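Descriptive structure summary
Here is what each chain is made of, one letter per residue.
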Amino acid sequence: MQGLMQDYPLTLPPVFDRFERLYPDKHVVWSTVSERRRSTVAEWTDRARRIGGVLDLLAVPAEARVGTFAWNTADHLALYWAVPCTGRVLHTLNIRLFPEQLTYIVNHAEDDVVFVDRSLLGAFWQLFGDMSTVRHVVVMDDGAPTELPDDPRVHLLDDLVAEAPPVRFGVAGDENTAASICYTSGTTGNPKGVVYSHRSIYLHSLSALSAAGGIGMAERDRVLPVVPMFHANAWGWGHAPLFAGAELVLPGPQMQPERIAAMLEEERVTMTAGVPTIWTGMLPELDGRDLTALRMVLCGGSAVPRALSEGYRAKIGMPILHAWGMTETSPIGSINASVSAYDGLGEDEAADVRARQGIPPVGVDARIVEPGTLTELPWDDKATGELQVRGPWIAAAYFGVEPSTESFTEDGWLRTGDVGAIDRFGNIRLSDRTKDLVKSGGEWISSVELENHLMSHPAVAEAAVIGVPHPRWQERPLAAVVLKPDATATKEELVSYLEPRVAKWWLPDDVVFIDEVPKTSVGKFSKKDLRARFADHQLPDVTPGR
Ligand code: ADP
């Protein structure tokens, strides 16, 4: 048919140009190790264009990977835009990966240049010798006094910016070119690279982040991503604010709960996002603060304990907004935004609904399938199976890896490795990750559900449940519990607390008290480390369903 719309590509440069033109007097705020700094949008966009010029000065080729090893700062944000808007590919390196994983991903992505925050230079430089493709290291000022190595490959960004002209970002181009790459944190095996395109970032920003039925970031917002810019595409919070025209407030190296809470208050932040561990640590810091500007606390990365969300509701009058996603899904796959179908529920039921993972935004198709088959299960909130998703911001393959049916189905869906059910309104309720389910006597026990109940006990700060090998039942649940400071509880008390809440055969065979739940590089409970620690744990001889 003739007379169609313009075939205009969905690329990032026009979004950047629009932000620059419409909002020059707004601000980008960030912390260094010692102070808070702020730029106008006009100053920040000029610097981003000059950083594009720096890439030209360093002769970084088209499509070359530009690594970052950095906190959430204005320069890191500038790289989020300058790199793809000049045809290169941003590779955000997780600063908390093990050294061998870090050198693995730099070498695997073949990073050409790496931009490093000065406070992180020591850690980075120790590994530099093992990075085979990196030609230049560009050091970004974050207020740290770290000495620079005497090496011609090391440059100060400020020196290069002084020499570099601001460059024009292209307008057209191919929307299906790579904009950035992010590796999964590699809880099993080597990390795997997920490549985002201009188009996938564009659609994810519009639908998942900016639409009113999604996260709904808007022009009036001042947003503070606590989620690190190296975790899963910063959950879209490095891109969406420019689509929306929102202001950014970035914590830099000041990641302590009291510093973040102070920043939320002093900068009148309206929206913030992070993993549950962050919000658990922050709960005591909320007292006595004026957080009246805040309208959204977004949480994802692992299941949000109902008690944590209710804790926020009690203290600041706002429950946590729960979202689900993966590095492979850009990452937003579902959002638990308010929907009219649940209007009129009682407090308790409403809190249960808020603990669900939410509804996929337009652009994400979801299904639950019978494990090991392609048979789709009904959305009746009972049938439980593997969650699979597809859509324009869902990975089709991993970088440099042959697609396998372990990760992608023959009919083109991403296998998430998460297990759950969907209700008739499309709202997902995950019970666990496949590998974390406790497999007891041929049945599954949801570690997440047990944890949620344990964490609603007033004496419990954190609880993680793992399966421990059992001669008769294959595995049985062991609960590892961290008590709140000065609180006490016995194993018997905690098991009796669970008794009316779960099936008898779900009750943990044992409860151990630990000082801290080990965390992964992005702050989730590390079940892998817990399993290793308690691999030889002798469970007491109790009969399930006692
Ligand atoms: P990694 O797999 O290394 O942790 P990701 O951050 O990509 O890296 O993790 C994605 C996984 O995190 C999901 O498959 C899921 O198991 C878990 N997850 C993310 N959000 C939630 C949530 N809201 N509730 C439960 N689990 C979640």
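Conventions we followed
- Residues numbered from 1 in each chain as written.
- Predicted model: local features only at pLDDT ≥ 70, side-chain atom pairs only at ≥ 80, totals over all residues.
- Heavy atoms only, no water.
- UniProt positions renumbered as here; feature names shortened; annotations may be inferred.
- Helix = DSSP H or I, 4+ residues; strand = E, 2+ residues; numbered from the N terminus.
- Contact = heavy atoms within 4.5 Å.
- Near = heavy atom within 4 Å.
- Polar contact = N/O pair within 3.5 Å; in protein donor to acceptor, adjacent residues only side chain to side chain.
- Areas by Shrake-Rupley, 256 points an atom, 1.4 Å probe, with all protein chains shown as cover.
- Nonpolar A, V, L, I, M, F, W, Y, C, P; charged D, E, K, R; others polar.
- Pairing = 2+ DSSP bridges.
- Phe/Tyr/Trp six-rings, centres within 6.5 Å; stacked < 30°, edge-to-face > 60°.
- Buried < 20%, exposed > 50% of the residue type's maximum accessible area, 1.4 Å probe, protein only.
- Domains from an automatic or database assignment.
- Buried area = accessible area lost by both parts, 1.4 Å probe.
- Salt bridge = Lys/Arg side-chain N within 4 Å of Asp/Glu carboxyl O.
- Core = buried A, V, L, I, M, F, W, Y, C linked by side-chain atoms within 4.5 Å.
- Axes fitted to C-alpha atoms, helices over the stretch in contact; angles between N-to-C directions.
- Parallel < 35°, antiparallel > 145°, perpendicular 65-115°, else oblique.
- Left-handed = near helix turned anticlockwise from the far one by under 90°.

Let us look at the UniProt feature "domain: AMP-binding enzyme C-terminal" (unreviewed entry) in the chain. When the UniProt feature table is mapped to this numbering, "domain: AMP-binding enzyme C-terminal" (unreviewed entry) covers residues 449-524. Secondary structure across residues 449-524 divides into 18% helix and 33% strand, with the first and last C-alpha atoms of the span separated by 16 Å.

So, on to the environment of Val275. Mapped onto the fold, Val275 is located in the loop between strand S12 (271-274) and helix H10 (276-282). Along the sequence, Val275 and Val227 sit 48 residues apart, while their C-alpha atoms lie 6.9 Å from each other. Setting aside anything within four residues of it in sequence, one finds Val275 in contact with His231, Trp235, Cys299, Gly300, Gly301, Val522 and Gly523.

Around the ligand lies a shell of 16 residues, among which Ser185, Ala323, Thr327, Asp418 and Arg433 are the nearest. One of the side-chain nitrogen or oxygen atoms of Arg433 is found 2.7 Å away from an oxygen atom of the ligand. Side-chain polar atom of Lys524 to an oxygen atom of the ligand: 2.8 Å apart, as the coordinates give it. Burial of the ligand by the protein chains amounts to 92% of its free accessible area of 570 Å². Counting residues per element, the ones that place at least two in the shell around the ligand are strand S14 (321-325) and strand S18 (414-422). Among the elements that take part in the shell around the ligand, S14 stands out by supplying four residues, more than any other. The class makeup of the residues in the shell around the ligand is four nonpolar, nine polar and three charged.

Looking now at the pairing of strand S15 (residues 332-335). Here S14 pairs with S15 via three bridges, running antiparallel. Bridging across to S15, Ala323 finds its partner in Ile335. Where S14 hands over to S15, the hairpin turn is made up of six residues, of which Ser330 adopts a positive phi near 75°.

Once that is clear, we can look at the packing of aromatic side chains. This model, assessed by the stated rule, comprises 14 aromatic pairs. Consider the rings of Trp125 and Phe128, whose centres lie 4.7 Å apart with planes at 15°: the pair is stacked. Separated by three residues within a single helix, Trp125 and Phe128 lie in helix H5 (residues 121-128), roughly one turn from each other. Look at Trp125 and you get partly exposed, because its relative accessible area is 25%. When the ring of Trp505 is compared with that of Trp506, the centres are 6.2 Å apart and the planes differ by 80°; the resulting orientation is edge-to-face. On the accessibility criterion, Trp506 (14% relative accessible area) is buried. Taken together, the ring pairs connect Phe16, Phe19, Tyr23, Trp44, Trp81, Phe169, Tyr202 and Phe243 into an aromatic cluster.

Per the domain assignment, the segments making up the chain are domain 1 (13-26 + 38-212) and domain 2 (438-533). Computed over C-alpha atoms, the centres of domain 1 and domain 2 are 40 Å apart. Between domain 1 and domain 2, the residue contacts involve six residues of the former and four residues of the latter. Both sides together, the interface formed by domain 1 and domain 2 hides about 370 Å², and carbon and sulfur atoms give 46% of it. Across the domain 1-domain 2 interface, the total number found is zero salt bridges. Here domain 1 is connected to domain 2 by one residue pair in polar contact (both at pLDDT 80 or more). Taken together, the residues that form the side of domain 1 that touches domain 2 break down as one nonpolar, four polar and one charged.

Here we come to the pattern of salt bridges. Here the structure, examined in full by the defined rule, presents 37 salt bridges. Residues Asp112 and Arg135 are paired through a salt bridge, measuring 2.8 Å at the closest nitrogen-oxygen approach. Taken as a pair, Asp112 in strand S5 (residues 111-117) and Arg135 in the loop between H5 and strand S6 (136-140) lie far apart in primary sequence, 23 residues in all. A relative accessible area of 10% places Asp112 in the buried class. What makes Arg135 partly exposed here is its relative accessible area of 34%. In this structure, the salt-bridge partner of Lys315 is Asp287, at a minimum N-O distance of 3.2 Å. Note that Lys315 is positioned in helix H11 (residues 306-316) and Asp287 in the loop between H10 and strand S13 (296-299), a separation of 28 residues in sequence. The partly exposed category is assigned to Lys315, whose relative accessible area is 38%. By sharing partners, the salt bridges in this structure join Arg36, Arg38, Arg222, Glu247, Glu266 and Glu267 into a single network.

Further remarks concern the nonpolar core. Grouped together as the largest cluster of nonpolar side chains are 91 residues, with contacts concentrated most on Trp44, Trp81, Phe115, Ile215, Met217 and Trp237. In terms of residue count, the dominant contributor to this core is helix H3 (residues 74-85) (nine residues). If near-sequence neighbours (up to four positions away) are discounted, Trp237 is found in contact with Leu209, Ile215, Met217, Val223, Leu224, Pro225, Leu248, Met271, Thr272, Ala273 and Leu298. By size, the runner-up hydrophobic cluster in this structure holds 26 residues, among which are Val114, Leu121, Phe124 and Phe128.

Sheets are built from strands that pair by backbone hydrogen bonding, the pairs being arranged parallel or antiparallel. Ordered in space as S16-S17-S18-S19, the four strands form an open sheet in which the pairing is antiparallel. Each having just a single partner strand, strand S16 (365-369) and strand S19 (428-433) make up the two edges of the open sheet. Recorded for the sheet is a direction-independent mean angle of 45° between the axes of neighbouring strands. For S16 and strand S17 (residues 385-390), the ladder comprises five bridges, and the chain directions are antiparallel. Within S17, the residue paired with Arg367 across the bridge is Gln388.

Along the polypeptide, Thr373 turns up in the loop between S16 and S17. Linking Thr373 and Ala461, residues 88 residues apart in sequence, is a C-alpha distance of 39 Å. Here the side chain of Thr373 touches Glu370 through a polar contact of 2.8 Å, landing on its backbone oxygen. Here Thr375 takes part through its backbone nitrogen, which lies 3.0 Å from a polar atom of the side chain of Thr373.

Time to look at the packing of helix H13 (residues 447-454) against helix H14 (residues 491-498). Pairs of packed helices are described in terms of their axes, by the angle between the two and the distance that separates them. H14 packs onto H13 with a crossing angle of 110° between their chain directions and a minimal axis gap of 10 Å. Here H13 is positioned roughly perpendicular relative to H14, judged by the angle of their axes. Crossing handedness for the pair H13 and H14: right-handed. Contacts between H13 and H14 pair Leu450, His453 and Leu454 from the former with Leu494, Tyr497 and Leu498 from the latter.

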